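Breakdown of the fold
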Amino acid sequence: KSREESLGIALVGLGSYSTYQLAPALQDTKFCHLAGIVTGTKAKERIWAERYGIPAGNIYNYQNFDTIADNDDIDVVYVVLPNSMHAEFSIRAAQAGKHVICEKPMAVTVAECDAIIEACRKAGVKLGIGYRLHSEPYTQEVKRFVREKTFGKTAYVNAEAAYRSAGNPDQWRLNKALSGGGALMNMGVYSIQSTIYATGENPVKVTAQEFSTRPDYFKDTDETVTAQFQFPGGATGTVFTSHNANANSLYASCTGGWFSLKPANNYGPLAGESSNGPIQFKHESQQKLQMDDFASHILYGSVNRAPGEMGKRDMIIIEAIYRSISEGNRSVPL
Ligand code: NDP
């Protein structure tokens, strides 16, 4: 492929998601390829250079990262760092003139989301959030049901996104300074997103609760959060997110039927059913589909399936959920 047809991507932060999902997926993408890495761990430089044939000139650390501006091999910077580092590196990438993919959750505050959006706007670069499900066929089918009113209007949606965490208590996800929050920041975005695409609306009011059963392990971050949404069209939504239990589903009850995905938000294959019968699609790497969608957005102007505004919207909802919890579970308008 010519350079015009395949964009060079640099992954920033070579942790488990970059190592086991994104880099392998980038071996199969059509419109982009792995061209560079940014890492704070010296030992990973040689391992990745050998594994993926990355030239020395396309390897950066967090200090010299800004010189990526001079590297024509890199078109897109993909920020795959702990959440509290997303804003800084997305903004530095934009200022270096590179298009940006920022992992979920977009940042740790709405103000940071605004700063990323503004930096990308000012630099004239594209911004996408790592919401892989928007490029995934089961999720797209749910969005089609809602758009075409296949089962009428959604009246109730329930979404769960949770897993039981029992590993290293010092991991960054359990450290608020690095994660910005616990289960809600990490998995909550999936359940919030599910309720939004299963209704086709943004919630207008939220009430939320927090549960803590293992305070010795979850010292610094939320363990389990439940929230209830009111949607402008009259639908009710409930979400469950947790680092203490495994749960992964979406169920929507509509005026003329129902649909569900279970699992709804892992790497797939997902599975689904509806009152019209099973939902079935061929499985493909979600990360491959996501990165090709973003690359073709840049190259050919196709739709940006997960723009920065979507990441910001979800952060507004997350902040409202935390506000409801901290203010005695009161109902918070959005
Ligand atoms: P890991 O802990 O596995 O990796 C994070 C990497 O960030 C580290 O390996 C390290 O890379 C770098 N890093 C820099 N500073 C720090 C620090 N102070 N503490 C820890 N790591 C640091 O995390 P994940 O790969 O699982 O997650 C990274 C991001 O990707 C998160 O925002 C997460 O929410 C998101 N994610 C999204 C998924 C999705 O499905 N969309 C799935 C999984 C994660 P290095 O050694 O190269 O410097």
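Up top you'll find the structure we're talking about.
A brief structural summary. The shown structure was predicted, so the numbers you read here are calculated from the model rather than taken from an experiment.

Analysis parameters
Residues numbered from 1 in each chain as written. Predicted model: local features only at pLDDT ≥ 70, side-chain atom pairs only at ≥ 80, totals over all residues. Heavy atoms only, no water. Pairing = 2+ DSSP bridges. Helix = DSSP H or I, 4+ residues; strand = E, 2+ residues; numbered from the N terminus. Contact = heavy atoms within 4.5 Å. Axes fitted to C-alpha atoms, helices over the stretch in contact; angles between N-to-C directions. Parallel < 35°, antiparallel > 145°, perpendicular 65-115°, else oblique. Nonpolar A, V, L, I, M, F, W, Y, C, P; charged D, E, K, R; others polar. Buried < 20%, exposed > 50% of the residue type's maximum accessible area, 1.4 Å probe, protein only. Right-handed = clockwise from strand over helix to strand, strands pointing away. Near = heavy atom within 4 Å. Areas by Shrake-Rupley, 256 points an atom, 1.4 Å probe, with all protein chains shown as cover. 1 Å grid on protein atoms, 1.4 Å probe; cavity = no way out; pocket = protein on both sides within 12 Å on 5 of 7 lines; lining within 4 Å. Sits in = over half its atoms within 2 Å of the grid points. Domains from an automatic or database assignment.

**A word on the sheet that holds strand E10 (residues 236-242)**
Spatial ordering of the open sheet is given by E14-E13-E12-E11-E7-E10-E9-E8-E15, a layout of nine strands whose pairing is mixed. At either margin of the open sheet sits one strand with a lone partner, and together these are strand E14 (277-279) and strand E15 (332-333). Set on the sheet, helix H7 (residues 183-199) makes contact with strand E7 (154-162), strand E9 (224-230), E10, strand E11 (247-254) and strand E12 (257-261); between it and E7 the angle comes to about 155°. Against the sheet, helix H9 (residues 308-326) contacts strand E8 (205-211), E9 and E15, and its axis sits at roughly 60° relative to E8.

**Details of the packing of helix H4 (residues 110-123) against H9**
For the pair H4 and H9, interaxial distance at closest approach is 9 Å and the crossing angle is 170°. Between H4 and H9, the angle is such that the two are roughly antiparallel. Of H9, the residues touching H4 (which contributes Val110, Cys113, Asp114 and Ile117) are Gly308, Glu309, Gly311, Lys312, Met315, Ile316 and Glu319. A per-class count over the contact of H4 with H9 returns five nonpolar, two polar and four charged.

**Regarding the environment of Ala183**
One can find Ala183 in helix H7. On a C-alpha basis, the gap between Ala183 and Asn244 in space is 8.7 Å, while along the polypeptide they are 61 residues apart. Setting aside its immediate chain neighbours within four residues, Ala183 contacts Gly188, Asp222, Glu223, Thr241, Ser242 and His243.

**Let's talk about the pairing of strand E4 (residues 76-79)**
Burial of the side chains of E4 extends over both faces: Val76 and Tyr78 are buried on one face and Val77 and Val79 on the other. Sheet topology places strand E1 (residues 7-12) next to E4; four bridges connect them, and they run parallel. Looking at the pairing, Val12 lines up with Val79 of E4. Sheet topology places E4 next to strand E5 (residues 99-102); four bridges connect them, and they run parallel. Bridge assignment links Val76 to a residue of E5, and that residue is His99. Where the polypeptide runs from E4 across helix H3 (residues 86-95) and back to E5, its parallel neighbour, the crossover connection is right-handed.

**Digging into the sheet that holds strand E3 (residues 59-60)**
Read across the sheet, six strands follow the order E3-E2-E1-E4-E5-E6 without closing on themselves; strand pairing throughout is parallel. Looking along the sheet, the strands with just one partner apiece sit at the ends: E3 and strand E6 (127-129). As defined by bridge partners, E1 adjoins strand E2 (residues 32-38) across six bridges and the pair is classed as parallel. What sits directly across from Ile9, in E2, is Leu34. The strands that H3 touches are E1, E4 and E5; relative to E5, the one it contacts most, it runs at about 165°.

**Focus: the site of the ligand**
In the neighbourhood of the ligand, 26 residues make up the surrounding shell, with Thr39, Thr41, Lys44, Tyr62 and Arg132 lying closest. Considered on its own, the ligand offers 900 Å² of accessible surface; in the complex 82% of this is hidden by protein. When each cavity is represented as a set of grid points, the ligand is found to reside in the largest pocket. The residue makeup of the shell around the ligand, split by class, is twelve nonpolar, nine polar and five charged. Among the domains, domain 1 (7-130) and domain 2 (135-333) are the pair contributing at least three residues each to the shell around the ligand.

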